[in-house]
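# Report on the structure
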Amino acid sequence: MNTSGLDEHHHIENGSEFESLQVNKGVAEQPIVNPYLKDFSRFKRKTYTASDFVEGILKGDIALLSQAVTLIESIKPEHQSVAQEVIEKCLPYSGNSIRVGITGVPGAGKSTSIDAFGMNILNEGCKLAVLAIDPSSEVSKGSILGDKTRMERLSVAQNAFIRPSPSAGSLGGVARKTRESIVLCEAAGFDRIIIETVGVGQSETAVHSMVDFFLLIQLAGTGDELQGIKRGIMEMADGIVINKADGNNIDKANLAKSHFENALHLFPLPESGWAPKVLTYSGYYELGIKEVWQMIDDYIRFVKDNGYFEYRRNEQSKYWMYETINERLKSNFYNDEKVQAELKKSEELILNSQLSSFVAAQHVMDIYLNERK
Ligand SMILES: Nc1nc2c(ncn2[C@@H]2O[C@H](COP(=O)(O)OP(=O)(O)O)[C@@H](O)[C@H]2O)c(=O)[nH]1
Ligand SMILES: [Mg+2]
């Protein structure tokens, strides 16, 4: 661990004007596979049935859980059918966890913080699964693997399960897979789930719709911290935390805290009845970690008492049914060969002004629907 912390100036972003963006050293040669899981040899010999997976998962067998999540992520129909059966059978044993979504721009300190939060969670005797949704991971090849170097303790802890973002598919598809993986993790006895997402684009909405508490990590120090974030994301947050409140960044963090508190006062009270709090902390130096988690526990108790907890979960279940239908309809449509051919033709006609976009759309839809009569 880098104890000198604030003195690494070979990164330009470590200049004093970017104090809160400073980059600390990662850990060299992090094991990619949790050593507790190293017995993978048995997978080569046997093909597991859905019941084998379910039995293993319910016993808390992490290697089987991991393999089942791989099936969820697979696009092969034979994998998908086993995966769906496993999910169906695990469903009655799921739901018994606290699901927390964590978002923030790259560099906000999500991974570092999850390592600190996570150790706190494990010390309380809970089991933690960390899943990621990263819509950019097709390009970056699942950034959480790089991230593992910032989850140095969790990635080798016995009661933790860390899973990178599925790297193929649309955001909707990736999010659905993560939603399904939660079911399996819970059935395997994980009673704390953290979903990490990069704070760019649409992925926050997807994460928000699968968690009980949505935590927004912010940085102070640039003076315009309120301008960079979309109102919608702030409105979704059940709590806002300002990371890197350490060293000579503490005053700026406190200032940012009051900015955010003032901004939140302008929003109506959320449906949950809980007024979002703003806290400062340091993930790297582990200052104020317990307080952040205490806030989440307080929230959970509050919404369990007033019924919102169950209401939100029910709404989410409905949401995921419709999301899944939307996703399936879309991929079914666009994968249809006749549709593909017709779309190509229509594109050209549109470009030559021989056809309007709307007539073209209607025409392709008709072809698709007629095939199914
Ligand atoms: N000073 C300080 N640096 C931090 C803190 N948390 C994270 N960092 C550093 O910020 C950089 C980005 O952290 P990382 O966890 O990878 O951010 P992520 O992209 O949001 O996952 C790394 O160099 C971390 O060491 C903190 O609390 N204080
Ligand atoms: Mg990260």
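Residues numbered from 1 in each chain as written. Chains lettered and ligands numbered in written order. Predicted model: local features only at pLDDT ≥ 70, side-chain atom pairs only at ≥ 80, totals over all residues. Heavy atoms only, no water.

### A short note on the overall build of the protein
Across its full length, the protein holds 15 helices and seven strands. Across the protein, every contact between residues at least 6 apart in sequence was considered, and the portion connecting residues at least 24 apart equals 75%. Carbon and sulfur atoms make up 55% of the accessible area of the protein, which amounts to about 19100 Å² in all. (Helix = DSSP H or I, 4+ residues; strand = E, 2+ residues; numbered from the N terminus. Contact = heavy atoms within 4.5 Å. Areas by Shrake-Rupley, 256 points an atom, 1.4 Å probe, with all protein chains shown as cover.)

### Points about the pairing of strand β7 (residues 277-280)
Bridge count for strand β6 (residues 239-243) against β7 is four bridges, and the pairing is parallel. Paired with I242 across the two strands is T280, which belongs to β7. (Pairing = 2+ DSSP bridges.)

### So, the side chain of S66
Along the chain, the position of S66 falls in helix α3 (residues 62-73). Of the residues examined, S66 reaches a relative accessible area of 11% and is grouped as buried. Sequence-distant contacts of S66, defined by excluding residues within four places in its chain, comprise F161 and R163. (Buried < 20%, exposed > 50% of the residue type's maximum accessible area, 1.4 Å probe, protein only.)

### Quick notes on helix α2 (residues 50-58)
Taken as a whole, α2 has its buried residues at A50, F53, V54, G56 and I57. Down the axis of α2, the smallest arc covering the buried residues is 165°, so these residues share one side. For α2, the secondary structure elements touched by its buried residues are α3, α4 (77-90) and α8 (171-187). Count one or two residues on from α2 and you reach G60, which has phi positive near 85°. (Arc of directions from axis to C-beta.)

### Points about the pattern of salt bridges
Evaluated as defined, the whole model comprises 16 salt bridges. Between R163 and E73 there is a salt bridge; the shortest N-O distance is 3.2 Å. Note that R163 is positioned in strand β3 (residues 160-163) and E73 in helix α3, a separation of 90 residues in sequence. Across the pair R153 and D115 runs a salt bridge, and its minimum N-O distance is 3.0 Å. Highlighted residues: R153 in the loop between α7 (143-147) and β3 and D115 in helix α5 (residues 110-123), separated in sequence by 38 residues. Residue class for R153 comes out partly exposed when judged on its relative accessible area of 31%. Classification of D115 by relative accessible area gives buried; the value is 4%. (Salt bridge = Lys/Arg side-chain N within 4 Å of Asp/Glu carboxyl O.)

### Remarks on the packing of helix α12 (residues 289-306) against helix α13 (residues 308-335)
Across the interface, α12 lies against α13 with an axial gap of 5 Å and an inter-helix angle of 85°. As far as their axial angle goes, α13 and α12 are roughly perpendicular. Taking contact as the criterion, the partners of Y299, I300, V303, K304 and N306 in α12 are, on α13, Y308, F309 and R312. Across the contact of α12 with α13, the residue classes tally to five nonpolar, one polar and two charged. (Axes fitted to C-alpha atoms, helices over the stretch in contact; angles between N-to-C directions. Parallel < 35°, antiparallel > 145°, perpendicular 65-115°, else oblique. Nonpolar A, V, L, I, M, F, W, Y, C, P; charged D, E, K, R; others polar.)

### Digging into helix α11 (residues 250-265)
Taking 1.5 Å as the rise per residue, α11 with 16 residues should run 22 Å; its terminal C-alpha atoms sit 23 Å apart, in good agreement. Buried within α11 are the following residues: A253, A256, F260, A263 and L264. The arc enclosing the buried residues of α11, seen along the axis, measures out at 95°, which places them on a common side. Opposite the buried face of α11, by more than 90 degrees, sit the exposed residues D251, L255 and H265. (Expected span 1.5 Å × (residues − 1).)

### Concerning the packing of α5 against α12
Following both chains from N to C, one finds α5 and α12 inclined at 70°, their axes separated by 10 Å at the closest point. Classified by the interaxial angle, the pair formed by α5 and α12 is roughly perpendicular. Where α5 abuts α12, its residues A116, F117, N120 and I121 lie against I289, K290, V292 and W293. Split into classes, the residues belonging to the contact of α5 with α12 amount to six nonpolar, one polar and one charged.

### Focus on the confidence of the model for the protein
Across the protein, the average pLDDT comes to 85, with 80% of residues at or above 70. Confidence over residues 1-14 falls short of pLDDT 50; this stretch has 28 contacts with residues more than four positions distant or in other chains. (pLDDT = per-residue confidence, 0-100.)

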